[in-house]
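Take a look at the letters that make up each chain.
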Amino acid sequence: MSLIRIKRKCKECKEDFIAKTISSVYCSRKCYLRNYKMIKKNEIKIIQKIKIVPLLKKFLLEVMLTIKEATLLYPIFETTYS
Ligand SMILES: [Zn+2]
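Residues numbered from 1 in each chain as written. Predicted model: local features only at pLDDT ≥ 70, side-chain atom pairs only at ≥ 80, totals over all residues.

S.K.: Which residues make up the overall build of the chain, and what values do they have?
M.R.: What the chain contains, in helices and strands, is 2 helices and 2 strands. Its helices and strands taken in sequence order, the chain reads β-β-α-α from the N to the C terminus. For the chain, the residues scored as buried account for 1% of the 82 residues in total. (Helix = DSSP H or I, 4+ residues; strand = E, 2+ residues; numbered from the N terminus. Buried ≥ 20, exposed ≤ 12 C-beta atoms within 10 Å, placed from the backbone.)

So this is what it looks like as structure tokens:
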């Protein structure tokens, strides 16, 4: 049994509770599960949105890669000429 007692506000129901571990953010398992289910539901929604627009996803990935490449190359040229 842990000796740690930290007063915290539950991430889900916003009620004050005494945390028994440093990482505790929920007052009960009920709140933890409620939040977990909500996160999962949101994840599914996001994935479904991506599946609807696969071309947009492909486009975003290509753009992000281009920016990454540009930022990788740019400082080399800048330091070379300064
Ligand atoms: Zn709670």
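S.K.: Can you lay out unusual backbone geometry for me, pointing to particular residues and giving the numbers?
M.R.: Here the phi dihedral of lysine 14 falls at roughly 65°; this positive angle occurs in a residue that is not glycine. Topologically, lysine 14 is positioned in the loop between strand E1 (6–9) and strand E2 (16–19).

S.K.: How would you sum up the pairing of E2? Please name residues and give values.
M.R.: In the sheet, E1 pairs with E2 via 4 bridges, with the strands oriented antiparallel. The residue bridging isoleucine 6 from the neighbouring strand is alanine 19, located in E2. The turn joining E1 and E2, which pair antiparallel and follow one another in sequence, is formed by 6 residues; a positive phi near 65° is taken by lysine 14. (Pairing = 2+ DSSP bridges.)

S.K.: Which residues make up the environment of leucine 3, and what values do they have?
M.R.: As for its placement among the helices and strands, leucine 3 is situated in the segment before E1. On the neighbour-count criterion, leucine 3 (5 C-beta atoms within 10 Å) is exposed.

S.K.: I'd love a proper account of the confidence of the model for the chain, names of residues and values included.
M.R.: The predicted model of the chain averages 80 in pLDDT, with 79% of residues at 70 or higher. Mean pLDDT across the elements of the chain bottoms out in helix H2 (residues 54–81) (67) and peaks in E2 (94). (pLDDT = per-residue confidence, 0-100.)

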